[in-house]
Amino acid sequence: MKILITGFDHFGGEKINPAIEAVKKLPNEIDGHQIIKLEVPTIFYESARVVKNAIEKYQPDMVINVGQAGGRAAITPERIAINFQSGSTPDNSGKGPKEGKIEADGADGYFTQLPIKKMVTATRKAGVPSEISNSAGTYVCNHLFYELQYMRVHEFPNLKTGFIHIPFLPSQVKNGRHPSMSLSYMVKGLTASIKAAVDA
Ligand code: PCA
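A few points on the structure.

About the criteria used
Residues numbered from 1 in each chain as written. Predicted model: local features only at pLDDT ≥ 70, side-chain atom pairs only at ≥ 80, totals over all residues. Heavy atoms only, no water. Helix = DSSP H or I, 4+ residues; strand = E, 2+ residues; numbered from the N terminus. Buried < 20%, exposed > 50% of the residue type's maximum accessible area, 1.4 Å probe, protein only. Contact = heavy atoms within 4.5 Å. Areas by Shrake-Rupley, 256 points an atom, 1.4 Å probe, with all protein chains shown as cover. Lys, Arg positive; Asp, Glu negative; His and termini not counted. Charge placed at Lys NZ, Arg CZ, Asp CG, Glu CD. Near = heavy atom within 4 Å. Polar contact = N/O pair within 3.5 Å; in protein donor to acceptor, adjacent residues only side chain to side chain. 1 Å grid on protein atoms, 1.4 Å probe; cavity = no way out; pocket = protein on both sides within 12 Å on 5 of 7 lines; lining within 4 Å. Sits in = over half its atoms within 2 Å of the grid points. Axes fitted to C-alpha atoms, helices over the stretch in contact; angles between N-to-C directions. Parallel < 35°, antiparallel > 145°, perpendicular 65-115°, else oblique. Left-handed = near helix turned anticlockwise from the far one by under 90°. Nonpolar A, V, L, I, M, F, W, Y, C, P; charged D, E, K, R; others polar. Salt bridge = Lys/Arg side-chain N within 4 Å of Asp/Glu carboxyl O. Pairing = 2+ DSSP bridges. Points joined across faces, edges and corners; volume = space filled by probe spheres on them.

## Quick word on the overall build of the protein
And then number 1: Each helix and strand in the protein was counted, giving five helices and eight strands.
And then number 2: Counting from the amino terminus, helix and strand elements in the protein follow one another as β-α-β-β-α-β-β-β-β-α-α-β-α.
And then number 3: By residue count, 52% of the 200 residues in the protein fall in the buried class.
And then number 4: Summarising the internal contacts of the protein: among those between residues at least 6 apart in sequence, 77% fall at separations of at least 24.
And then number 5: Looking at the protein as shown, the accessible area adds up to about 9100 Å², and 50% of this sits on carbon and sulfur atoms.
And then number 6: Each charge class in the protein can be summarised by its mean position, and for the 23 positive and 19 negative side chains these summaries are 6 Å apart.

## A few points about the site of the ligand
And then number 1: Around the ligand, the structure places Phe8, Phe11, Asn17, Thr42, Gly67, Gln68, Tyr139, Val140, Cys141 and His165.
And then number 2: Between the ligand and Val140, the relevant distance is 3.5 Å, taken from an oxygen atom to a main-chain nitrogen or oxygen of the residue.
And then number 3: Within the side chain of His165, one N or O atom sits 2.9 Å away from an oxygen atom of the ligand.
And then number 4: When atom positions are compared with the pocket grids, the ligand is found to occupy the second largest pocket.

## Regarding the side chain of Ser193
And then number 1: With respect to the element layout, Ser193 can be found in helix H5 (residues 183-199).
And then number 2: Taking relative accessible area as the criterion, Ser193 reaches 0% and is therefore assigned buried.
And then number 3: Setting aside chain neighbours within four positions, we find Ser193 in contact with Pro77, Met119, Thr123 and Ile164.

## Quick notes on the packing of helix H2 (residues 46-58) against helix H4 (residues 140-154)
And then number 1: Packing of H2 against H4 leaves a shortest axis separation of 9 Å and a crossing angle of 40 degrees. The orientation of H2 with respect to H4, classified from their angle, is oblique. Seen along the crossing, H2 lies across H4 with a hand that is right-handed. The segment H2 lies against H4, with Ser47, Ala48, Val51, Lys52 and Ile55 engaging Val140, Leu144, Glu147, Leu148 and Met151.
And then number 2: Here the contact of H2 with H4 is built from residues that sort into seven nonpolar, one polar and two charged.

## Focus: the pattern of salt bridges
And then number 1: Following the criterion strictly, the structure yields six salt bridges and no others.
And then number 2: Note that Lys195 and Asp31 form a salt bridge whose closest N and O atoms lie 3.0 Å from each other. Placement of the pair is Lys195 in helix H5 and Asp31 in the loop between strand S2 (29-30) and strand S3 (33-40), with a sequence separation of 164 residues.
And then number 3: Using a relative accessible area of 34% as the deciding quantity, one classes Lys195 as partly exposed.
And then number 4: Linked by salt bridges that have partners in common, Asp31, Lys195 and Asp199 make up one network.

## Considerations on unusual backbone geometry
And then number 1: Phi angles above zero are rare outside glycine, and Tyr45 is one such case at about 65 degrees.
And then number 2: Within the secondary structure, Tyr45 sits in the loop between S3 and H2.
And then number 3: Positive phi is not limited to glycine here, since Gln59 has a value of about 50 degrees.
And then number 4: Residue placement: Gln59 occurs in the loop between H2 and strand S4 (62-68).

## Regarding the sheet that holds S2
And then number 1: Reading across the sheet, the six strands line up as S2-S3-S1-S4-S8-S5 and stay open at both edges, with mixed pairing between neighbours. Only two strands of the sheet have a single partner each, and these edge strands are S2 and strand S5 (76-77).
And then number 2: Lying on the sheet, H2 is in contact with strand S1 (2-8), S3 and S4; it crosses S3 at an angle near 150 degrees.
And then number 3: Each of S1, S3, S4 and strand S8 (160-166) is contacted by H4, which is oriented at about 170 degrees to S8, the strand it contacts most.

## Quick look at the layout of surface pockets
And then number 1: Of the volumes computed, that of the largest pocket is approximately 190 Å³.
And then number 2: As for the largest pocket, its lining consists of 13 residues, of which Phe44, Tyr45, Gly96, Pro97 and Lys98 are closest to the centre.
And then number 3: Each residue belonging to the lining of the largest pocket can be placed in one class, and the counts come to four nonpolar, four polar and five charged.
And then number 4: As a volume, the second largest pocket reaches approximately 160 Å³.
And then number 5: Lining the second largest pocket are 16 residues, with Phe11, Gln68, Ala69, Cys141 and His165 positioned closest to its centre.
And then number 6: Counting residues per element, the ones that place at least two in the lining of the second largest pocket are S4 and H4.

In short, the description is geometric, and any link to function would need to be established separately.
Okay, here's the thing in structure tokens:
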């Protein structure tokens, strides 16, 4: 199998995004499956265009997007993408989203094709905290997750796609008010999670 793993660039005043940092450190092969890594901009619609180009170029069997969810304390595979966008922070193009539906003719929500329960169990077994998340929010992460599901329905019926949110890195948390996770734990946890997703 060929697996495309994407990580967002930094946004919202942060100097780093653990998503792309962890994705860069993943192995190039997991259990004999090829891992293709891609950085995506934290920009509504543009992120989906970048991933679509990569799908057309590499023809992966599975796409997993990774994003930062500051405040979470675990590796959290997402269950569902919703057809709604909002957010008060501008994205990296300097604009905020137009609040409302992402795709006028899209379903209200799409469930991931990834085996999220197995992924959580495998990640915990590797010694890294993990939980299922039932909301990817309404910002760029949910947007990209939703757009990929929409693309799957309309253009890439054999594709499996999903999203994993990860916590802040310790360097991003200076006031002790938020949990964080070390980069090596993130890489270990994501590797276990991806392995469970491809072996299912
Ligand atoms: N996290 C944001 C967008 C980019 C990222 O890494 C989110 O959760 O929407």
